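Chain residues, written in single-letter form:
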Amino acid sequence: KDEHNLSDDVLYKGLLNASAIGYLLMRNADSCLTVDEGNKVIEQAVAYIRENFASDITLSSIAGMFCVSPEHFSRMFKKITGKNIFSYVNYIRINYACKLLVDTDMSILEISMESGYSSISNFNRYFLKIKDCTPTMYRKLKAEVNTTL
């Protein structure tokens, strides 16, 4: 009985040590990026977001693409771009929606879906926050400007 408990204790302590070492390696891996490497990671992430903004982009998935913890990626992204990743994704999506509002006769719902929003209420909320008007108002204002030119 004592041998069984002893081997369980050794196994348990070994697992704790392995977990602690893995955690420290992961934490240190983030801080081992040079400034140039960090800039390249964010540059590649921005390119990825620009190409895939209409798909579901999560902090975990994009950080995982670059083998960086989500927390560290978030800090780097904010430091380099001045925006958090979600603000940046929404900025890209709304600017794309603006182009569609002016260049097409697609409905607001179609444009919201095409721009990467799964909910029209989220689309309207972010549109208003970023552009200070609703998508319908934006379309009308741009149409008026184009007809006066």
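Rules used in this analysis
Residues numbered from 1 in each chain as written. Predicted model: local features only at pLDDT ≥ 70, side-chain atom pairs only at ≥ 80, totals over all residues. Heavy atoms only, no water. Helix = DSSP H or I, 4+ residues; strand = E, 2+ residues; numbered from the N terminus. Buried < 20%, exposed > 50% of the residue type's maximum accessible area, 1.4 Å probe, protein only. Contact = heavy atoms within 4.5 Å. Salt bridge = Lys/Arg side-chain N within 4 Å of Asp/Glu carboxyl O. Axes fitted to C-alpha atoms, helices over the stretch in contact; angles between N-to-C directions. Parallel < 35°, antiparallel > 145°, perpendicular 65-115°, else oblique. Core = buried A, V, L, I, M, F, W, Y, C linked by side-chain atoms within 4.5 Å. Patch = residues over 30% accessible without salt bridge, like charges linked within 9 Å, V, L, I, M, F, W, Y side chains within 5 Å. Areas by Shrake-Rupley, 256 points an atom, 1.4 Å probe, with all protein chains shown as cover. Expected span 1.5 Å × (residues − 1). Arc of directions from axis to C-beta.

Caption draft 1: Spotlight on the side chain of Ser-112. Of note, Ser-112 is situated in helix 6 (residues 108-114). When its relative accessible area of 0% is taken as the criterion, Ser-112 is described as buried. Setting aside chain neighbours within four positions, we find Ser-112 in contact with Tyr-117, Ile-120 and Phe-123.

Caption draft 2: The arrangement of unusual backbone geometry in detail. Its identity is not glycine, yet Cys-67 carries a phi of approximately 55°, on the positive side. Given the relative accessible area of 69%, Cys-67 is considered exposed. Even without being glycine, Asp-132 reaches a positive phi, approximately 60°. Note on Asp-132: relative accessible area 66%, which makes it exposed.

Caption draft 3: Here's a closer look at the pattern of salt bridges. Inspection of the entire model under this criterion finds one salt bridge. Two residues, Lys-99 and Asp-103, come together in a salt bridge whose shortest N-O distance is 2.9 Å. In this pair, Lys-99 and Asp-103 both sit in helix 5 (residues 85-103), four residues apart, roughly one turn of the helix. Considered together, Lys-99 and Asp-103 belong to a single accessibility category, that of exposed residues.

Caption draft 4: Up close: the packing of helix 2 (residues 35-52) against helix 4 (residues 70-81). Two numbers describe how helix 2 lies on helix 4: the axes approach to 10 Å, and their chain directions differ by 85°. Overall, the two elements helix 2 and helix 4 adopt an arrangement that is roughly perpendicular. From helix 2, Gly-38, Asn-39, Val-41, Ile-42, Ala-45, Val-46 and Ile-49 reach across to helix 4, where they touch Phe-73, Met-76, Phe-77, Ile-80 and Thr-81.

Caption draft 5: Structural view of the nonpolar core. Ranked by internal contacts, the top residues of the largest apolar core, which has 19 residues, are Ile-42, Ile-49, Ile-62, Phe-66, Phe-73, Phe-77 and Ile-85. Looking at this core, the element that brings in the most residues is helix 2, giving five residues. Among residues more than four places away in sequence, those in contact with Phe-77 are Ile-42, Val-46, Ile-49, Gly-82, Lys-83, Asn-84, Ile-85 and Tyr-88. The next biggest cluster of nonpolar side chains, apart from the first, holds twelve residues, and it includes Ile-94, Cys-98, Ile-111 and Tyr-138.

Caption draft 6: Summary view of a nonpolar patch on the surface. On the surface, Leu-109, Met-113 and Ile-120 cluster together to form a nonpolar patch covering roughly 250 Å² of accessible area. Along the polypeptide, Leu-109 turns up in helix 6. Since its relative accessible area comes to 45%, Leu-109 is described here as partly exposed.

Caption draft 7: Geometry of helix 2. Relative to the 26 Å expected for 18 residues at 1.5 Å per residue, helix 2 spans 25 Å between its end C-alpha atoms, a close match to the ideal helical length. Every buried residue of helix 2 is accounted for by Gly-38, Val-41, Ile-42, Ala-45, Val-46 and Ile-49. Along helix 2, the residues classed as buried sweep out an arc of 135° about the axis, all on the same side. Opposite the buried face of helix 2, at more than 90 degrees from it, the exposed residues are Asp-36, Lys-40, Glu-43 and Glu-51. Looking at the packing, one finds that the buried side of helix 2 touches helix 3 (59-65), helix 4 and helix 5.

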